[in-house]
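The primary structure of each chain is shown beneath.
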Amino acid sequence: MNLQRINLLILTAVILSGCSAKITPLSEDTYLVKCEQMLGEMGDCVTLAKKQCPMGYQVINAQNETSLMTGLDKNKLVPYVGGAKRSMLIKCQR
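Our subject in this report is the structure included herewith. Note that the structure is a prediction, hence the values are computed from the model and not measured.

## Side note on the overall build of the protein
Point 1. What the protein contains, in helices and strands, is two helices and four strands.
Point 2. Listing each helix as α and each strand as β along the protein from the N terminus yields α-β-β-α-β-β.
Point 3. Looking at the protein residue by residue over its 94 residues, the buried ones come to 22%.
Point 4. Put simply, 56% of the contacts in the protein that link residues at least 6 apart link residues at least 24 apart.
Point 5. About 6900 Å² of surface is accessible on the protein, with carbon and sulfur atoms providing 56% of the total.

What follows is the structure in structure tokens.
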């Protein structure tokens, strides 16, 4: 492999790893759970929600959108990340 191809593979791996999952408190028992890793799954959000709400939770809203696009670069087809939007608005049960 040439150096340019190795650099492209490393850059692609870094981009695809994306952001880490996080929980944002909105009130005492309501949270926004975001899991925006390109290679992740909605199950990652569910796992975080279960940790945050061990007694269970109600999903108020959920979003699960991903896109992987391709483009032309000097007559070559090159993949690039379009984005990942996975989130759940949850309310913990008491």
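## Side note on the state of the cysteines
Point 1. Inspection of the entire model under this criterion finds two disulfides.
Point 2. Between the sulfur of C35 and that of C45 lies a disulfide, 2.3 Å long from S to S. Looking along the S-S bond of the C35-C45 disulfide, the torsion reads about 140 degrees, which is the right-handed sense. Of the two residues, C35 is situated in the loop between β2 (30-34) and α2 (42-52) and C45 in helix α2; the sequence distance between them amounts to 10 residues.
Point 3. Owing to a relative accessible area of 0%, C45 belongs among the buried residues under this scheme.
Point 4. For C53, the disulfide goes to C92, at an S-S distance of 1.8 Å. Judged by the sign of its S-S torsion, about -55 degrees, the cystine formed by C53 and C92 is left-handed.

## Quick word on the pairing of strand β1 (residues 22-25)
Point 1. Two elements, β1 and β2, share four bridges in a ladder whose sense is antiparallel. Residue T24 lies in a different strand from β2, and its bridge partner there is L32.

## Remarks on α2
Point 1. Residues of α2 that are buried: M42, C45, L48 and A49. Down the axis of α2, the sector holding all buried residues measures 120 degrees, keeping them to one side. Projecting away from the buried face of α2 at angles above 90 degrees are the exposed residues K50 and K51.

Conventions we followed
- Throughout, residues of each chain are indexed from 1 in the direction in which the sequence is written.
- Selection of residues for local features in this predicted model requires a pLDDT of at least 70, selection of side-chain atom pairs for listing and counting requires 80 or more, and totals for whole chains, interfaces and linings are taken over all residues.
- By convention in this description, side-chain values take in all heavy atoms of the structure and omit both hydrogens and water.
- By definition, any uninterrupted DSSP run of H or I lasting at least four residues is a helix, any uninterrupted run of E lasting at least two residues is a strand, and each is numbered from the N terminus.
- Buried, partly exposed and exposed residues are distinguished by accessible area as a fraction of the type maximum, computed with a 1.4 Å probe on protein chains only: under 20%, between the cut-offs, and over 50%, respectively.
- Residue contacts are counted whenever heavy atoms from the two residues lie within 4.5 Å of one another.
- Reported accessibility uses the Shrake-Rupley method at a 1.4 Å probe radius. Residues are deemed covered only where the shown protein chains occlude them.
- Note that a disulfide, as used here, is simply two cysteine sulfur atoms within 2.5 Å.
- Here a strand pair is declared whenever DSSP counts at least two bridges between the two strands.
- The directions considered for the arc are those from the helix axis to the C-beta atoms.

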